[in-house]
Amino acid sequence: MAKSIYAYIAHKAGAADDSALELIQAAQQLDADAKVSAVVTGDGADLDTVCTAMADTYPEVIKIAGGALAYPNAEVVRKALVNILPADAIVLIPHDSFGMDLGPGLSVKLDAAFLSDVVGFDKVEGDTLTAVRQEYGGQVSTHVSLDMSQGAVINVRPGAFAADETGGAGGSVTDKSGDAGDLATARKYLEVVAAEVGDVDITKSEVLVSVGRGIEDEDNLEVFQELADAMGADVSCSRPIVDAKWLEKSRQVGTSGQTVKPKVYLALGISGSFQHLGGIKGNPFIVAVNKNAKAPIFQVADVGVVADILDFIPELTDKIEEL
Amino acid sequence: MEILVCVTRVPDTAENEIEVNADGSDIERDDLVYSVNEWDNYAVEEAIQIVDRAGGSVTVVTVGEEDDEEVLRREMAMGADNGLLLSDEAFEGSDGKGVAAILKAAVDQGSYDLILTGAQADGGAGEVGGMLAAMLDLPYASLVTSIEESGDGVLKIGREIEGGNIEMNEIQQPCVLSVQTGINEPRYVGIRGIRKVASVEIPEKGAGDLGVDGAAVGTAGAKARRLDYFVPEMGDGAEILTGSTDEIIDKLIEMLKAKGGLK
């Protein structure tokens, strides 16, 4: 293959995102002999701190500084990358809210192939990569071939590759800010509006009764509140419940919601998308109840019950109340 | 405001269990219930609401086959003014870039102030909107959860970022936005609504009409190709409790007690 691989480093407040150490692992799996460079965009002292930290992991760090890059606006970052990266570059980007903004358009501007939300690499033969993705919310997986002969932009799912914490790379930091070019864009970042705090802080809950699409109707929420009351737990939920406005956003577990660290997590009628699972930390004891025996949640749960939650949970609540 | 919404027809995951077929070449398609992609439905509702406020019209477009016309009709029953089907044998097997290139050709033949897509579809890639914007040289934002006209062809938009936070941006029109679920509450489409648009003629355009090079799209032009479907090894997986409901509940309660799940 012998192409150069570039890893886009997400960072905030002077600290690199966890994905930074995952992307070097992914790059090495792609090509153990490739030259792997970290690309860090930003501004000020925070940028320098991140560059220095990344030089411990990556043999080369490309620093791109500028006032317009102080907040990661994908439209601005894309312009800078197009001006700086070589034509046949392989670019690895974390598949988060920023990566989804950046990757597809970047691949068009670099005239490179694109692959989204990759969870693994199977093999590389010549310029053809075989990668693993998931479809239908993780219900099935696929092998996908990617022609990388004219470069590639690959969005990598956070957490899919193990972090490489080896360090000691002794890398150099190269300042390419001068090559970034005109960074004027028709999209302007204004501000981040922080998530509203709800009546219950589920990030502090030790036991969560979490409900998903399987509850079917808003009126059924009380069935699960009764279970939570019997257990001394709080009720949380997956995204569809918030989309339907049945519960407040502050009750949503997942990457676009809250990150929770309970001891025990009951996933009831939740299929288990990676965005949902990304919000569950601290290795809790997970109980999944779902009528679909193939739901991805059963792959990560400790204990599973294949049943309709609307039949099963009232009986469970009755038994717990009798204790 | 003239708005184009790109929609697609997908197996409805709320109605179906998605399974891999015997030789792994596809998912099991017998008896699948199809519907409009959920994200796209939110995008159409948003477009209708904008036009209700600001005037103009909503056109829904899809790249597909005859069967896919039904989702255009459904969205027209919802309130979209026009439908457009982009269909050609040469389009089959297109990757995200192929689909974006076909849509770009359709956009070039119209005059739109705003182009909406769903943030993602059944493949979970979330790629077509960003590619389309880059091909059109228009500004783009993904995961949009609010759209507000702030005058002078500028939209104030909210994007969903990590941790439940919302990133606010100003974006100049024309632009491409990919819409996240939850941005609104899509209206119900009744059987009467569907009947009203049942006989409306929906124009169809092929590669020749659009001026799309058939070799650049479809299987021939795809740099990304799906090779197979498979079910991953379960790893450890969950211990599935079996027995009568009473037995399962007794086992579960013992486990919950042991793990500190009952207070």
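Residues numbered from 1 in each chain as written. Chains lettered and ligands numbered in written order. Predicted model: local features only at pLDDT ≥ 70, side-chain atom pairs only at ≥ 80, totals over all residues.

Draft legend 1. Fine view of the domain arrangement of chain A. Residue and element names in this part refer to chain A. Splitting chain A by domain gives domain 1 (5-179) and domain 2 (202-322). Listed by partner, the interface residues are five residues for domain 1 and seven residues for domain 2. Of the residues assigned to the side of domain 1 that touches domain 2, the class counts are no nonpolar, four polar and one charged. (Domains from an automatic or database assignment. Contact = placed C-beta atoms within 7 Å. Nonpolar A, V, L, I, M, F, W, Y, C, P; charged D, E, K, R; others polar.)

Draft legend 2. Seen up close, the interface of chain A and chain B. Between chain A and chain B, the residue contacts involve 73 residues of the former and 71 residues of the latter. Ranked by residues supplied to the side of chain A that touches chain B, first place goes to strand 10 (residues 140-147) of chain A with eight residues. Alignment of strand 13 (residues 187-193) of chain A against strand 9 (residues 166-172) of chain B, held across six bridges, turns out to be antiparallel. Paired with Val193 of chain A across the two strands is Ile166 of chain B, which belongs to strand 9 of chain B. (Helix = DSSP H or I, 4+ residues; strand = E, 2+ residues; numbered from the N terminus. Pairing = 2+ DSSP bridges.)

Draft legend 3. Examining the sheet that holds strand 5 (residues 60-65) of chain A more closely. All names here are of chain A. With respect to topology, seven strands assemble into an open sheet ordered 7-11-6-1-4-5-12, the strand pairing being parallel. Two strands lie at the open edges of the sheet, namely strand 7 (113-118) and strand 12 (172-175), each paired on one side alone. Sheet twist, expressed as the mean angle between neighbouring strand axes with direction ignored, is 20°. Note that strand 7 and strand 11 (residues 152-156) share four bridges and pair parallel. (Axes fitted to C-alpha atoms, helices over the stretch in contact; angles between N-to-C directions.)

Draft legend 4. Local environment of the packing of helix 5 (residues 221-231) of chain A against helix 9 (residues 309-322) of chain A. Residue and element names in this part refer to chain A. Packing of helix 5 against helix 9 brings their axes to within 9 Å, and their N-to-C directions diverge by 25°. On the basis of the axis angle, helix 5 is roughly parallel to helix 9. Between helix 5 and helix 9 lies a crossing whose hand is left-handed. Of helix 9, the residues touching helix 5 (which contributes Val223, Phe224, Glu226, Leu227, Ala230 and Met231) are Leu310, Ile313, Pro314, Leu316, Thr317, Ile320 and Glu321. Residues that form the contact of helix 5 with helix 9 fall into these classes: ten nonpolar, one polar and two charged. (Parallel < 35°, antiparallel > 145°, perpendicular 65-115°, else oblique. Left-handed = near helix turned anticlockwise from the far one by under 90°.)

Draft legend 5. How the structure looks around the sheet that holds strand 17 (residues 285-290) of chain A. Read from one edge of the open sheet, six strands run 15(A)-14(A)-16(A)-17(A)-18(A)-13(B), paired in parallel fashion. On the outer flanks of this sheet lie strand 15 (234-237) of chain A together with strand 13 (239-240) of chain B, each paired with one strand and no other. Of the strand pairs in this sheet, strand 17 of chain A and strand 18 (residues 303-306) of chain A are connected by four bridges, and their pairing is parallel. Bridge pairing in strand 18 of chain A links Asn290 of chain A to Val306 of chain A. Running at roughly 170° to strand 14 (residues 207-211) of chain A, helix 5 of chain A makes contact with strand 14, strand 15 and strand 16 (264-268) of chain A of the sheet.

Draft legend 6. Local environment of the packing of helix 3 (residues 96-108) of chain B against helix 4 (residues 128-136) of chain B. Residues and elements named next belong to chain B. One way to put it is that helix 3 packs onto helix 4 with a least axis distance of 9 Å and a crossing angle of 50°. By the criterion of interaxial angle, the relationship of helix 3 to helix 4 is oblique. The interaxial crossing formed by helix 3 with helix 4 has right-handed handedness. Along its contact with helix 3, which presents Gly96, Lys97, Val99, Ala100, Ala101, Leu103, Lys104 and Val107, the element helix 4 presents Val128, Met131, Leu132, Met135 and Leu136. Broken down by class, the residue content of the contact of helix 3 with helix 4 amounts to ten nonpolar, one polar and two charged.

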